[in-house]
Each structure stands twice: as structure tokens, then as C-alpha cells.
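Structural features, examined
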Amino acid sequence: MIRKSVTLGMALAVGALASTCAIAQDTVKIGAVLPLTGGLAPVGKQVQAGIQLYIQQHGATVVGKTIDLIIKDDAGVPDNTKRLAQELIVNDKVSVIGSGHTPGAMAVGPLSTQSKTANVVMVSGTSGVINPNNPYMVRTSFTLGQQSGIIGEWAAKNGSKKVVIVQSDWAPGAEATAVFSEAFSRAGGQVVDTIKVPLANPDFSPFLQRARDLNPDTLFVFVPAGQAGTFAKQFAERGLDKAGIKLIGPGDIVDDNDLQGMGNSMLGVVTAGFYSAAHDSKMNKDYVAAFEKANNVRPNFISLGGYDGMHLIYEALKKTGGKTDGDGLINAMKGMKWESPRGPISIDPQTRDIVQNIYLGKVEKVNGQLYTIQFATFEAVKDPLKMKK
Ligand code: PHB
């Protein structure tokens with residue numbers, strides 16, 4: 001059953017106590033707080049579509065219990081996230097909570113710890129969101145570090161000497177910059193400047209002009225899902241492609257949701273990412289077809305955090321026989337391994353963070369449409385920032 005918070009009030013108003021108790025035994029409530037409006041709406045919509053597709057394909061019953069999904073929109077504002085997550089945990093008594101973008105996931109963290117509620121992080125790409133202080137959190141999304149070190153080394157080995165970084169100015173951007181800079185410098189490259197662009201309503205043009213004036217051979221760019229289209233347009237308008245400046249980054253810059261509309265200036269862009277809609281597996285072909293049928297857009301890398309997050313919840317419920325206490329669910333989730341449309345993935349039993357393949361990919365035209373074609377695989381990559389500790 002999928003419902004929005006509006007129907008909840010009605011259910012409570014008409015439901016007698018006895019019937020509420022009966023329902024409670026037969027249902028597992030899963031709450032998710034996602035940015036469905038505001039600047040990060042494209043993120044929330046993809047992850048929500050991933051969640052819904054999983055339920056559509058696998059049914060809304062697990063070990064005899066009905067899955068009751070309650071999705072709330074925080075508009076990307078962490079104060080809202082906190083209030084809504086509190087309502088879900090205290091009033092709705094959800095057994096599992098799904099959290100979204102980095103500030104949202106950070107707001108839900110302490111609440112899931114205090115209430116011992118399993119918390120599946122489906123969007124955030126910031127390393128520190130999964131940490132020892134919040135033992136009920138696991139991640140099915142990604143970290144920017146997983147991708148940025150690999151592209152840093154590749155760039156240094158493939159002709160990039162002088163890089164300017166253009167980075168969306170918030171936590172995942174800072175991590176992309178730090179991990180890339182370290183790897184690229186260690187491999188002999190030089191980062192000449194790091195230019196930070198505001199997260200909200202970015203106009204990249206003046207920043208791109210500054211980058212161009214520094215005369216780099218390569219631009220390393222991190223922008224979150226939903227901003228790659230605007231970035232690509234302004235990159236071409238400023239003539240950076242014509243100036244022969246190479247564009248590289250983590251997978252966010254070739255967001256499949258935007259790629260079709262991004263134009264030929266993106267041809268040849270090389271990224272290290274964990275997903276491409278063109279990933280060559282039967283499971284992914286089926287995923288893309290089903291997702292496009294349901295949503296009329298390509299799935300992007302963000303959608304997988306929702307789809308795989310639901311898989312993790314379903315499989316953990318099977319292991320616990322439907323029991324929903326936080327300790328039981330998190331223990332069941334630790335070490336879980338499965339095949340995702342993105343490739344093989346697992347949950348690191350020590351850190352509760354995602355382990356996944358990272359693929360080097362290049363933007364090419366296939367049947368007249370832009371796709372990231374993966375050409376090399378780094379297997380079972382852990383979050384490098386956690387490995388260091
Ligand atoms: C995040 O919330 O950390 C995040 C969101 C979208 C991205 C990358 C990171 O594309």
C-alpha cells in the first residue's frame with residue numbers, strides 16, 4: 001500500500017483502536033522523508049520512483065505482512081526533515097525510515113539512534129553520514145569519495161596535468177574535491193584552483209568564465225543530480241568545449257535523467273560512476289524498461305538508492321521473519337550482498353556503508369541518444385574516507 005500523509009489523518013480519524021491494533025500486527029510501516037519539491041526535487045522524484053518500482057515488481061507483502069509506505073516531502077529543508085521524521089517515528093510508529101539527501105539524512109540520524117529505528121540512507125553521498133555514533137543507519141546510495149579518487153588517478157594517467165575544480169558548495173562537493181585532489185596530486189597532477197558554486201539555483205556562467213581564465217587542460221566538476229543539464233548548457237555557451245578543455249567528474253555530471261537533453265558538448269566526457277542506464281546486464285535492461293514505462297524518463301544513479309534500499313528492507317524482513325526491532329533489522333542488513341541493476345553490491349558489515357563497483361565511462365551516442373558507455377570496472381569499492389580511519 002502506498003499512501004501519502006493526507007490519507008493518514010483520515011485513517012486515524014475513522015479507525016477504532018481495536019482495528020488499528022489489528023492492522024499494526026499485519027503491516028510493516030516504512031516511512032521515507034525525501035526532497036520532492038524545491039531545488040533537489042529531481043533527486044527526490046528519482047529515489048521515490050525507485051522505491052515505488054521495487055514495490056510494484058515485488059508486491060506489497062513480505063513474510064505475510066503488508067508493506068505500508070508513507071512518503072513525506074521535506075522540500076530539501078533539514079528542519080522539515082527532522083519534524084517529519086519525528087512524526088513518522090513517534091506518531092506513525094514506522095519500523096523503518098528511509099532518508100534522503102545529506103542534510104536530511106543528518107537530521108534523521110540522531111532520531112533513528114534514540115528510537116532504535118532502522119534508517120536506510122537512500123540518497124546521501126557524504127561519507128560521515130554513516131558513522132559509529134548512529135548504529136541504526138545503513139546506506140544504499142553511494143559516496144562521492146568512491147568515485148572521485150578513481151577518476152583522479154585516471155585523469156593523471158590519461159593526459160590531464162592542470163585541473164580546475166568546479167564544485168557545488170556543500171558536504172558531498174567538499175568530499176569529491178578532497179578525494180579527487182589527493183588522488184590527482186599523488187599521481188603527479190596539479191589542481192590550480194577550486195571554485196565553489198552555491199547549491200541553490202546556481203548560475204554556472206561566471207564560475208565557468210573564471211575557470212576558463214585559469215587555462216586548465218581539464219575541469220573536474222561535481223554538481224548534484226538535477227543540475228547537470230544547466231551546467232552542460234552553460235559549459236557550451238561559454239565555449240569551454242570548443243576551447244578543448246576536457247570535462248571529468250563523478251557520475252553526477254552525466255545524470256541519465258538529463259543526459260538526452262545535454263547536447264553534443266558532452267560527447268567524450270569521462271566519469272567514474274556507479275551507474276549508467278546503459279550498464280550492460282539483463283537486470284539493468286529490464287530495470288530501465290520498467291522504470292521508463294512507469295515514469296517516462298530514464299532512471300538515473302539516484303533511483304538505485306531507493307530501489308536497492310527497498311530490496312535491503314525486504315530481504316532483512318525475510319531474515320528476521322517479519323520482526324522489526326532496529327537491532328534485528330540492522331544485523332540482518334549487515335553483510336547483505338545482492339545483484340542490483342547497477343551491478344553487484346553489498347553492505348559492509350563493519351561500517352554499514354555500501355560497497356559497489358565503480359565504472360569508468362565515456363559519453364557516446366547510441367542510436368542518436370547520449371549514454372555513458374562503461375569501459376572499465378573497479379570491483380567492490382569501499383568508501384575511501386572510511387578506509388583511512
Ligand atoms: C547528497 O545528498 O549527498 C547528494 C545528492 C545528490 C547528488 C550527490 C549527493 O547527486
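Residues numbered from 1 in each chain as written. Predicted model: local features only at pLDDT ≥ 70, side-chain atom pairs only at ≥ 80, totals over all residues. Heavy atoms only, no water.

**Section: the overall build of the chain**
What counts, and what does not: Only DSSP runs of H or I reaching four residues or more are called helices, and only runs of E reaching two or more are called strands; each is numbered from the N terminus. Taken over C-alpha atoms, the radius of gyration is set against a globule rule of 2.2 Å times the number of residues to the power 0.38. Think of it in three bands: with a 1.4 Å probe and only protein chains considered, a residue is buried below 20% of the maximum accessible area for its type, exposed above 50%, and partly exposed in between. The contact criterion used throughout is that any non-hydrogen atoms of two residues lie within 4.5 Å. Accessible surface is estimated by sampling points in the Shrake-Rupley manner with a 1.4 Å probe; for residues, cover comes only from the protein chains shown. Two residue types count as positive, namely Lys and Arg, and two as negative, namely Asp and Glu; His and chain ends fall outside the count. Where a charge lies is defined by one atom per residue type: Lys uses NZ, Arg uses CZ, Asp uses CG and Glu uses CD.
Across its full length, the chain holds 14 helices and 16 strands. For 389 residues, the compact-globule formula gives about 21 Å, and the C-alpha radius of gyration of the chain, at 21 Å, lands near that figure. When the backbone C-alpha atoms are referred to their principal axes, the chain occupies close to 70 × 40 × 40 Å. Here the chain holds 389 residues, and 56% of them are scored as buried. Once local pairs closer than 6 in sequence are excluded, the contacts in the chain between residues at least 24 apart make up 67%. Summed over all atoms, the accessible surface of the chain reaches about 15,400 Å², with 54% contributed by carbon and sulfur. Here the chain carries 39 positive and 34 negative side-chain charges, and the mean point of each set is 2 Å from the other.

**So, the side chain of Thr271**
Along the chain, Thr271 falls in strand β12 (residues 270-273). In this view, Thr271 contacts Ile151, Gly249, Pro250, Gly251, Ile253, Val254, Tyr359, Leu360, Gly361 and Thr372; residues no more than four positions away in its chain are not counted.

**What to know about the site of the ligand**
In plain terms, the rule: Nearness of a residue to a molecule or strand requires only that one of the residue's heavy atoms be within 4 Å of it. The definition of a polar contact used here is a pair of N or O atoms within 3.5 Å, where within protein one atom must be able to donate a hydrogen and the other to accept one, and adjacent residues in sequence count solely through side-chain atom pairs. All residues other than Ala, Val, Leu, Ile, Met, Phe, Trp, Tyr, Cys, Pro, Asp, Glu, Lys and Arg, Gly among them, are scored as polar; the first ten of these are nonpolar and the last four charged.
Taken together, 15 residues lie around the ligand, and His101, Thr102, Gly125, Ala225 and Asp252 are the ones closest in. Between an oxygen atom of the ligand and a main-chain N or O atom of Gly125, the distance comes to 2.8 Å. Taken together, the residues of the shell around the ligand sort by class into nine nonpolar, five polar and one charged.

**Digging into the pairing of β12**
Cut-off, in case you're wondering: DSSP calls a pair of strands paired once it identifies at least 2 bridges connecting them.
On β12, burial covers both faces: Val270 and Ala272 on one face and Thr271 and Gly273 on the other are all buried. One ladder, built from three bridges, connects strand β11 (residues 246-250) with β12; its direction is parallel. Within β12, the residue paired with Pro250 across the bridge is Ala272. Sheet topology note: the β12/strand β15 (residues 354-366) ladder contains four bridges and is antiparallel. What sits directly across from Ala272, in β15, is Leu360.

**Let's talk about helix α6 (residues 144-157)**
Under the convention used in this document: What a helix should span is 1.5 Å times the count of its residues minus one.
Relative to the 20 Å expected for 14 residues at 1.5 Å per residue, α6 spans 20 Å between its end C-alpha atoms, a close match to the ideal helical length. Where burial is concerned, most of α6 is hidden: 11 out of the 14 residues are buried.

**Focus: the packing of aromatic side chains**
The condition that has to hold: Note on aromatic contacts: the rings of Phe and Tyr and the six-membered ring of Trp form a pair at centre separations within 6.5 Å, being stacked when their planes are under 30 degrees apart, edge-to-face when over 60 apart, and tilted otherwise.
Counting across every chain of the model gives 12 aromatic pairs. An angle of 75° between the planes, with centres 5.3 Å apart, marks the rings of Phe204 and Phe231 as edge-to-face. Here Phe204, found in the loop between β9 (190-197) and α8 (205-213), pairs with Phe231, found in helix α9 (residues 228-237); they are 27 residues apart in sequence, far enough to count as distant. Considered together, Phe204 and Phe231 belong to a single accessibility category, that of buried residues.

**Some points on unusual backbone geometry**
Here Val63, not a glycine, exhibits a phi torsion of approximately 35°, which is positive. With respect to the secondary-structure elements, Val63 resides in the loop between β3 (61-62) and β4 (65-73). Of note, the phi angle at Ala75 is positive, near 55°, even though the residue is not glycine. Relative to the assigned elements, Ala75 resides in the loop between β4 and α4 (78-90).

**So, the packing of helix α3 (residues 41-58) against helix α11 (residues 282-295)**
Applicable threshold: Under this scheme, a helix contributes an axis fitted over its contacting stretch, all axes are lines through C-alpha atoms, and angles between N-to-C directions fall in the 0 to 180 degree range. Reported orientations rely on four angle classes, namely roughly parallel under 35 degrees, roughly antiparallel over 145, roughly perpendicular from 65 to 115, and oblique for the rest.
Two elements in contact, α3 and α11, have axes whose closest approach is 10 Å; the angle formed by their N-to-C orientations is 110°. One finds that α3 runs roughly perpendicular with respect to α11. Judged by residue contacts, Gln46, Ala49, Gly50, Leu53, Gln56 and Gln57 of α3 engage Tyr287, Ala290, Phe291, Ala294 and Asn295 from α11. Here the contact of α3 with α11 is built from residues that sort into six nonpolar, five polar and no charged.

**Looking at the pattern of salt bridges**
To keep it simple, the criterion reads: Think of a salt bridge as a Lys or Arg side-chain nitrogen and an Asp or Glu carboxyl oxygen that are within 4 Å of each other.
Scanning all chains against the criterion turns up 16 salt bridges. In this structure, Lys72 engages Glu87 in a salt bridge whose closest nitrogen and oxygen atoms are separated by 3.8 Å. In this pair, Lys72 is assigned in strand β4 and Glu87 in helix α4, connecting sequence segments 15 residues apart. Classification of Glu87 as partly exposed rests on a relative accessible area of 27%. Residues Glu315 and Lys318 are paired through a salt bridge, measuring 2.9 Å at the closest nitrogen-oxygen approach. One end of the pair, Glu315, and the other, Lys318, are both in helix α12 (residues 301-320), three residues apart, so they sit about a helical turn from each other.

**Things to note about the nonpolar core**
For clarity, the threshold we go by: Buried residues of nine kinds, namely Ala, Val, Leu, Ile, Met, Phe, Trp, Tyr and Cys, make up a nonpolar core once their side-chain atoms join them within 4.5 Å.
By size, the foremost hydrophobic cluster in this structure holds 71 residues, and its most contacted members are Met310 and Ile313. In terms of residues, this core owes the most to one element, α12, which gives 10 residues. Each residue touching Ile313, except ones within four places of it in the same chain, is listed here: Ile30, Val96, Val120, Met122 and Met333. In terms of nonpolar packing, the next biggest core, distinct from the first, is built from 26 residues, Val164, Val197, Val223 and Ile245 among them.

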